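Here is what each chain is made of, one letter per residue.
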Amino acid sequence: MKKKSYKTIHQNILTWYKQHGRVTLPWRNTTSAYEIYLSEIMLQQTQVKTVLERFYFPFLKRFPTFKDVASAPIDDVLKAWEGLGYYTRARNLHKTAQVTQGILPSSAEKLEELSGIGKSTAHAVACFAFNEALPILDANVKRILYRFFSLKKCTTKELWAYAYKLFDKDNAYIYNQTMMDIGSIICTHKNPNCTVCPFESGCQGKSNPLLYPEKKAKKTKPTRKHYMVIYHQNKKYALRQNESKLLGGLWGFEQHETFDITSKNITQLGVFTHHYTHFRLDANVLLIPKESVHKSYFTLDEIEELALSGADRKALSILKTYLR
Ligand code: SF4
């Protein structure tokens, strides 16, 4: 790949960031590697607005330092993560806190060895917390690169080469923050606003940005039909801790693909739909008197203290409506 000078664009970026950069974001106003890393992990699958308004501050209030995360039980970390989804992130955060004893390493190379920290996150934390001059490559940055270089298809390795090519190593912090800002507010999926973009002068895709990257055929999500079974005794309800990769560590009601609902002891409470990334769950919620195999029964107040998945929260809400 031939190296080209992007001096004008780099200058435009500095000017743009000064005028429009989201400089008030709390993770841009701290030198704490933990707070920066936490924001990077939360923002991996969640929008800035949601993280800012609902999760970032309560999490830091509950765990002011990374050592607090390390010494907490995983159940407490999952509870603070409840509603944010993609719970592997919380489990990896906890594991990383324990492995590092609450002190993050200061180089991208060492950060990348930790659970749940990929190359781009390692570069972001190393750049924002420890001033290491490295480019990032999250989903927003990828979209900018595809368009800037008018690329239809690219491997991750090739995209990294483009990321380094356009990178301003002399102003790494501002460059990376601007990439994040432009990707989320200007070079958006559906409505790129090229006229106000600092990359515009060199952008090869600006005449038709939506051509890049080439769209993949949309897959329809499969539907899983499950029975959610709530066993009860003496105003207590049975839950078990999930062991699946998707929801490991979270508490939930029993789920079955098939269930004999003809028994006269069964109360059908209602149905709901819940969307996961890769499938849609259609659930039929049943209430059934205690079965001997269930060991963990909780009152409604006790359930509030547990970390539940979004689907289990919906089932709980249906149960509460029934009990009212
Ligand atoms: S000029 Fe347009 S297509 Fe190019 S990076 Fe900016 S917003 Fe995206």
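Conventions we followed
Residues numbered from 1 in each chain as written. Predicted model: local features only at pLDDT ≥ 70, side-chain atom pairs only at ≥ 80, totals over all residues. Heavy atoms only, no water. Core = buried A, V, L, I, M, F, W, Y, C linked by side-chain atoms within 4.5 Å. Buried < 20%, exposed > 50% of the residue type's maximum accessible area, 1.4 Å probe, protein only. Contact = heavy atoms within 4.5 Å. Near = heavy atom within 4 Å. 1 Å grid on protein atoms, 1.4 Å probe; cavity = no way out; pocket = protein on both sides within 12 Å on 5 of 7 lines; lining within 4 Å. Sits in = over half its atoms within 2 Å of the grid points. Nonpolar A, V, L, I, M, F, W, Y, C, P; charged D, E, K, R; others polar. Helix = DSSP H or I, 4+ residues; strand = E, 2+ residues; numbered from the N terminus. Points joined across faces, edges and corners; volume = space filled by probe spheres on them. Domains from an automatic or database assignment.

Description of the nonpolar core
- Counting residues in hydrophobic clusters, the biggest one holds 97 residues, and the most contacted among them are Phe-59, Trp-81 and Phe-199.
- The residues contacting Trp-81, other than those within four sequence positions of it, are Leu-38, Ile-41, Met-42, Phe-55, Phe-59, Tyr-86, Tyr-87, Arg-89, Ala-90 and Leu-93.
- Residues Tyr-227, Ala-238, Ile-266 and Leu-286 belong to the second largest nonpolar core, which totals eight residues.

Notes on the site of the ligand
- Surrounding the ligand, one finds Arg-147, Cys-187, Cys-194, Cys-197, Glu-200, Cys-203 and Pro-209.
- Applying the majority rule of atoms within 2 Å of the grid points places the ligand in the largest cavity.
- Residue classes in the shell around the ligand are distributed as five nonpolar, no polar and two charged.

A look at the environment of Thr-223
- Counting through the fold element by element, Thr-223 comes out in strand 1 (residues 223-233).
- Between the C-alpha atoms of Thr-223 and Gly-21, which are 202 residues apart in sequence, the distance is 41 Å.
- Apart from the residues lying within four places of it in its own chain, the contact partners of Thr-223 are Arg-280 and Asp-282.

Considering the layout of surface pockets
- If you add up the space inside the second largest pocket, you get close to 260 Å³.
- Around the second largest pocket, the lining is made up of 14 residues, and of these His-226, Asn-242, Ser-244, Leu-247 and Gln-255 lie nearest the centre.

Thoughts on the domain arrangement of the chain
- Domain assignment breaks the chain into domain 1 (20-131), domain 2 (133-216) and domain 3 (223-323).
- Its C-alpha centre places domain 2 at a distance of 44 Å from the equivalent point of domain 3.

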